[in-house]
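Chains, contacts and geometry: an overview
So the chains spell out like this:
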Amino acid sequence: MSRVLYNAINQITVGFKENHLGVDLVKLRNSADAVICHTTGEVVMIQTGIPNDKGSTGNRSYGNFVKIRHENGYYTLYAHLKDVYVKKGDLVSTGEKIGYMGESGNAYGVHLHFEVRDPQDKRINPTPYLDADLPNTSDKIYYQSYDNKKKKWLPNVVVGTNEYAGNIGNSMGGIYLDRYPIRVHDKNKGYWLPWVENRGDYAGNLGNEIDGVQIEGLKYRVHIKNGSWLSWVSKVDDTKDGYAGIYGKAIDAIQIKYR
């Protein structure tokens, strides 16, 4: 029985391949029906209000969609929906209705486009999981930084290890962090940027230097470009000990641990 279509058996119309990093599904009778949550998780992104728009690209091509992050760090994404019944931040349970199949976005006929993404938000073949559990993974939390000089995201590292994210000597312009709220202070603009959480967004302005970091619920420290590692910080407030960094001095690395 399908884990993503209510009371249905999956029928794949387009499979996973190089230029289609998901699967397209319909019911055996090819009729629209409810789309259900594959595995309990948190809604981290939605898009609504998109009509059928053949030939569209980017997020608009997904039409109305729901993206859910699961406890093992994986994501599922449900696209081309007619209706969306959840909102960002909702905790949804396995089998709970999240919407109905449709043909919003770049779609040619009513169907569900379904994706599975790993903890690094990389799309993997979802076919083995259409009627089975997601992969088992250890409860690792990842983070990564953007190297302004090399103009690319550096590899993920694991919270709680001796690893750090960054490239000593090159300022960072952004930080991704799983699960925990994070925000950064933009050195160029001189103010704190909005809080973000999970892989739906990153903290920073790529190309602009960061000179302050705040993370809720974790212990963290930063390395100053042409300087050294600063003290560990474990709280978030407006005092000098409530953030990691020194205003006016670019950060080139960050290390995060559990409290």
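Residues numbered from 1 in each chain as written. Predicted model: local features only at pLDDT ≥ 70, side-chain atom pairs only at ≥ 80, totals over all residues. Heavy atoms only, no water.

Once that is clear, we can look at the overall build of the chain. Along the backbone of the chain there are zero helices and 21 strands. Dimensions of the chain, computed from the C-alpha atoms along their principal axes, are close to 65 × 35 × 30 Å. Partitioning the intrachain contacts of the chain with sequence separation of at least 6 by distance along the chain shows that 61% fall at a separation of at least 24. Roughly 12,200 Å² of accessible area belongs to the chain as shown, and the carbon and sulfur atoms make up 45% of that amount. For the chain, the distance from the average position of its 33 positive side-chain charges to the average position of its 29 negative side-chain charges is 4 Å. (Helix = DSSP H or I, 4+ residues; strand = E, 2+ residues; numbered from the N terminus. Contact = heavy atoms within 4.5 Å. Areas by Shrake-Rupley, 256 points an atom, 1.4 Å probe, with all protein chains shown as cover. Lys, Arg positive; Asp, Glu negative; His and termini not counted. Charge placed at Lys NZ, Arg CZ, Asp CG, Glu CD.)

As a further point, take the sheet that holds strand β14 (residues 165–166). Across the sheet, three strands lie side by side as β14-β21-β20; this open sheet has antiparallel pairing. Whereas interior strands pair on both sides, the edge strands pair on one side only; in this sheet they are β14 and β20 (219–224). Of the strand pairs in this sheet, β20 and strand β21 (residues 251–257) are connected by six bridges, and their pairing is antiparallel. Along β21, the bridge assignment pairs Val-222 with Ile-254. (Pairing = 2+ DSSP bridges.)

What follows deals with the sheet that holds strand β16 (residues 182–186). The pairing of strands in a sheet comes from backbone hydrogen bonds and takes either a parallel or an antiparallel form. The strand order across the open sheet built from three strands is β17-β16-β19, with neighbouring strands paired in antiparallel fashion. Lying at the two open borders of the sheet, with one neighbouring strand each, are β17 (191–192) and β19 (210–215). Where β16 and β17 come together, two bridges link them in antiparallel fashion. Note on β17: the bridge partner recorded for Asp-186 is Tyr-191.

The next point concerns the side chain of Asn-10. Within the secondary structure layout, Asn-10 lies in the segment before β1 (11–14). A polar contact is formed between the side chain of Asn-10 and the side chain of Ser-2, at a distance of 2.6 Å. Ignoring sequence-local partners within four residues, the contact set of Asn-10 consists of Ser-2, Val-4, Leu-5, Leu-25, Val-26 and Leu-130. (Polar contact = N/O pair within 3.5 Å; in protein donor to acceptor, adjacent residues only side chain to side chain.)

So, to be careful, I would describe these as geometric facts and stop short of saying anything about function.
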